[in-house]
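Here is what each chain is made of, one letter per residue.
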Amino acid sequence: MSKKAKIIGLSIFAVIMIFVCKYVYDMNINHNFETITEGKVYKSAVIPPDEIASYVKKYHIKSIVDLRMPGTNDLVLNPESPGELQAERAAVANIGGVNYFSNPSEQVPNEQNIAVFTKIMDNKDNYPILIHCYHGTGRAEMYAALYRIEYENFTNEAARQGVRTLIKFSSFDDGTPKGEYLKGYKSRKQLSNKQ
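How each quantity is defined
Residues numbered from 1 in each chain as written. Predicted model: local features only at pLDDT ≥ 70, side-chain atom pairs only at ≥ 80, totals over all residues. Heavy atoms only, no water. Helix = DSSP H or I, 4+ residues; strand = E, 2+ residues; numbered from the N terminus. Buried < 20%, exposed > 50% of the residue type's maximum accessible area, 1.4 Å probe, protein only. Contact = heavy atoms within 4.5 Å. Areas by Shrake-Rupley, 256 points an atom, 1.4 Å probe, with all protein chains shown as cover. Expected span 1.5 Å × (residues − 1). Pairing = 2+ DSSP bridges. Axes fitted to C-alpha atoms, helices over the stretch in contact; angles between N-to-C directions. Parallel < 35°, antiparallel > 145°, perpendicular 65-115°, else oblique. Left-handed = near helix turned anticlockwise from the far one by under 90°. Nonpolar A, V, L, I, M, F, W, Y, C, P; charged D, E, K, R; others polar. Patch = residues over 30% accessible without salt bridge, like charges linked within 9 Å, V, L, I, M, F, W, Y side chains within 5 Å. Salt bridge = Lys/Arg side-chain N within 4 Å of Asp/Glu carboxyl O.

> Can you lay out the overall build of the protein chain for me, pointing to particular residues and giving the numbers?
On a plain count of helices and strands, the protein chain comes out with eight helices and five strands. In the protein chain, the order of α-helices and β-strands from amino to carboxyl end is α-β-β-α-β-α-β-α-β-α-α-α-α. Across the 195 residues of the protein chain, 41% fall into the buried class. Intrachain contacts of the protein chain at a sequence separation of at least 6 include 67% that bridge at least 24 residues. Looking at the protein chain as shown, the accessible area adds up to about 11,000 Å², and 60% of this sits on carbon and sulfur atoms.

> Describe in detail unusual backbone geometry, supporting the description with residues and values.
In this structure, proline 128 follows tyrosine 127 across a cis peptide bond, with omega equal to -5°. For asparagine 32, which is not a glycine, the phi torsion comes out positive at approximately 50°. When you line up the elements, asparagine 32 lands in the loop between helix H1 (3-29) and strand E1 (34-37). Not every positive phi belongs to a glycine, and asparagine 153 is a case in point at roughly 55°. For asparagine 153, the position within the fold is in the loop between helix H5 (139-151) and helix H6 (156-162).

> Give me the lowdown on H5, citing residues and values where you can.
For H5, spanning 13 residues, the distance from its first C-alpha to its last is 18 Å, which sits close to the expected 18 Å at 1.5 Å a residue. Taken across its 13 residues, H5 has 12 buried, putting it largely inside the fold. Just downstream of H5, asparagine 153 is the residue with a positive phi angle, here 55°.

> Requested: an account of the pairing of strand E3 (residues 63-66), with residues and values cited.
Burial of the side chains of E3 extends over both faces: Ser63 and Val65 are buried on one face and Ile64 and Asp66 on the other. Note that E3 and strand E4 (residues 99-102) share four bridges and pair parallel. Its bridge partner lying in E4, serine 63 is registered against asparagine 99.

> For the packing of helix H2 (residues 49-59) against helix H3 (residues 82-95), give the residues involved together with the corresponding values.
Here H2 crosses H3 at 40°, and the two axes come no closer than 9 Å. When the interaxial angle is binned, H2 and H3 end up oblique. Helix-helix and strand crossings are classified by hand; for H2 and H3 the assignment is right-handed. In this structure, H2 contributes Pro49, Ile52, Ala53 and Val56 to the contact, and H3 contributes Ala87, Glu88, Ala91, Val92 and Ile95. Across the contact of H2 with H3, the residue classes break down as eight nonpolar, no polar and one charged.

> Residues and numbers for a nonpolar patch on the surface, please.
A grouping of Ile8, Ile12 and Ile16 is seen on the molecular surface, where their side chains present a nonpolar patch of about 270 Å² in accessible area. On the accessibility criterion, isoleucine 8 (43% relative accessible area) is partly exposed.

What follows is the structure, encoded as structure tokens:
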């Protein structure tokens, strides 16, 4: 093998290792925590109950919106249990001054989910808000996109593209249920303009 081929091989290996390390860090250490809008909205995967207080303190979080629901149709990918939800609720109750909202959602929200979500987000006293699901890459991304459409005047496509990053598998592509939902989503402003 030539020196050039070895360098190329090592470079490819290094890039792959960077992505693997970032994935492991995001999922297991940082819990896929991301800023959606600085000082207002954040999203994440499940944060262990004993670590929630540190995130609340660091980001001044006043409300947590939990999108998990035991019994989803994808239990292999999202093995959610009532005990985990109760442990989180108890941990948040022990912090004091933080609201815990449960809005159990499938991967594609229904009208009731949207109504609950917008009611929470309409209340300025709830901010800063952390939105989370099990992995932080499906439902939390979906609701972050909906937040951007409803409250930051993003177009549907800009919000959808915002959850389709290069380093993550995207279930928001054209033709997928989540991608098509975001493309066709009608904001409250759009609906009121039609009337």
